[in-house]
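Working through the structure, step by step
Residue strings, one per chain:
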Amino acid sequence: RIMAYKTAALNHAPRHLWPWLALPASLTAALQRAYGHTHRVTALLMGSGRRKPTYSEQRLLHLKRGERIFWREVLLHAGDPDRPAIWAMTTIPLCGLRHGLLPLARHGSRPIGNTLFRHRRLRRSSITMEALPRFGQRVWRRRSILRRGHTEVLVEEHFLPDLPPWAGRGRR
């Protein structure tokens, strides 16, 4: 199924990023395909925990005042953490952890993408994309919401300069 995304934003992105930005499936699988069998995609855990949501997270996840979130921030790379390809943040309302999403909070250094996209009950919203100043340069990001019933998971991915060339979707 093709996911909707803002075409105008995609047209302003560098052409080599188009397939990465518009991919409706797991970036982890596509990243593994791009690196090949000689390297394994690893998530360097930058941080995780529970906190108050930002205004943007509260709005996107339809949270009530006072609700808290679980967040997880990683750098995806293939053996060299000094050359990450993607910075990713996953944000889950704490109530979602109590409704079947607790395993997502226990991934450690494993990429979370494959787990998310194997979860049959999760449905993805449209993908939004934009360029932002990050890490001292202009970086493209995409965001989407994965839904399971009334529970929502915000997934945000930033494409860094060491992103390998596109090699196809990988497995779903």
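Our subject is the structure listed above.
Chains are numbered independently. Their residues run from 1 in the order of the written sequence. Residues qualify for local features only when their pLDDT is at least 70, as the model is predicted, and side-chain atom pairs are given and counted only at 80 or more; totals for whole chains, interfaces and linings, by contrast, use all residues. The side-chain quantities take in all heavy atoms of the structure and omit both hydrogens and water.

**Some words on the overall build of the protein chain**
Runs of H or I in DSSP of at least four residues are treated as helices and runs of E of at least two as strands, each being numbered from the N terminus. For the protein chain, the count of helices and strands is 6 helices and 7 strands. Counted from the first residue to the last, the protein chain has its helices and strands arranged as α-α-α-β-α-β-β-α-α-β-β-β-β. Looking at the 172 residues of the protein chain, the share that counts as buried comes to 49%. By the convention used here, residues are in contact when the closest approach between their heavy atoms is within 4.5 Å. Counted over contacts in the protein chain with a minimum sequence separation of 6, partners at least 24 positions apart contribute 62%. We get accessible surface area from the Shrake-Rupley algorithm with a probe of 1.4 Å; when it comes to residues, only the shown protein chains can shield them. Counting every atom, the protein chain has about 9600 Å² of accessible surface; 52% of that belongs to carbon and sulfur. We call a residue buried when its accessible area falls under 20% of the maximum for its residue type, exposed when it is over 50%, and partly exposed in between, using a 1.4 Å probe and counting protein chains only.

**Some words on the side chain of His 77**
By the secondary structure assignment, His 77 is in strand β2 (residues 69–77). A relative accessible area of 6% means that His 77 is categorised as buried. Here a polar contact means two N or O atoms within 3.5 Å. Within protein one must be a hydrogen donor candidate and the other an acceptor candidate, and residues neighboring in sequence count only if both atoms are side-chain atoms. A polar atom in the side chain of His 77 sits 3.1 Å from the backbone nitrogen of Gly 79. Among the polar contacts made by the side chain of His 77, one reaches the main-chain amide nitrogen of Asp 80 at a distance of 3.3 Å.

Nothing here speaks to function; it is all geometry.
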